[in-house]
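Overview (structure and organization)
This is what each chain is made of:
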Amino acid sequence: MGDYCLVCREVAGKIEIPGGLLWEDDNAVAFHLPPLDDNPRPYLGHCMVVTRRHIDHVGDLTVAEAESVARGSRKVAVGLRAEGAERVHVAVIGLGVEHFHQHLYPRYPGVPPGTPWMAVDELPNAPHGDAQQIAAFVERLRAHL
Ligand SMILES: [Zn+2]
């Protein structure tokens, strides 16, 4: 859907995805959040499952796309758990980029009880990484997929 859409550019390989795609099928792809100008050191383990097709709303998914998103999410969640996540939060927020993307957000051990799921990346000891560290993380994750 053109160059304006961030997710379309990611799917088309026009944005560097450290470590490459984690998973893909005909309908959807999964990858670790890449460093971007507004977030140069993403939270390690913050992964995305996105549709190949430029659709906005979760209600626009075909059944096949919904199944693909579920498959990809499960796969990445298994890997994140094997890499130490106690929980994997899964969310479609729908307030940012208008291209379906589902977040997978690991919760690592030691997070104080009561910490909201979206605040785990703001803790002082939350792991963040640059492109090289993300690529290394993706390599470890891939070994579990
Ligand atoms: Zn798009």
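Being a predicted model, the structure only gives us computed values, none of them experimental. (Residues numbered from 1 in each chain as written. Predicted model: local features only at pLDDT ≥ 70, side-chain atom pairs only at ≥ 80, totals over all residues. Heavy atoms only, no water.)

Four donors placed tetrahedrally around a metal ideally meet at 109.5 degrees, and six donors placed octahedrally ideally meet at 90 or 180 degrees. Those donors, Cys5 (SG), Cys8 (SG), His54 (ND1) and His99 (ND1), are the protein atoms that reach the zinc ion, and they lie 2.0 to 2.3 Å from it. Here the zinc ion binds four donor atoms, and the angle range of 106 to 115° at the metal identifies the geometry as tetrahedral. Between consecutive donor residues of the zinc ion, the sequence gaps follow C-x2-C-x45-H-x44-H. Of this pair, Cys5 sits in the segment before helix 1 (6-11) while His54 is found in the loop between strand 3 (47-51) and helix 2 (63-82), placing the two residues 49 residues apart along the sequence. Take His54: its relative accessible area is 22%, and that puts it in the partly exposed class. (Donors = N, O, S within 2.8 Å, 3.2 Å for Na, K, Ca; no water. Tetrahedral: all angles 85-135°; square planar, octahedral: opposite > 155°, others 65-115°. Helix = DSSP H or I, 4+ residues; strand = E, 2+ residues; numbered from the N terminus. Buried < 20%, exposed > 50% of the residue type's maximum accessible area, 1.4 Å probe, protein only.)

Turning next to the packing of aromatic side chains. Enumeration according to the criterion identifies three aromatic pairs in this entry. Between Tyr43 and Tyr108 the ring centres are 5.9 Å apart and the planes differ by 70°, which places this aromatic pair in the edge-to-face class. Of this pair, Tyr43 sits in the loop between strand 2 (28-32) and strand 3 while Tyr108 sits in the loop between strand 5 (101-107) and helix 3 (131-142), placing them 65 residues apart in sequence. Seen from their ring centres, Tyr105 and Trp117 are 5.7 Å apart, and the 85° between their planes marks the pair as edge-to-face. With Tyr105 in strand 5 and Trp117 in the loop between strand 5 and helix 3, this residue pair connects regions lying twelve residues apart in the sequence. The structure contains a cluster of three or more aromatic residues connected by ring pairs, namely Tyr43, Tyr105, Tyr108 and Trp117. (Phe/Tyr/Trp six-rings, centres within 6.5 Å; stacked < 30°, edge-to-face > 60°.)

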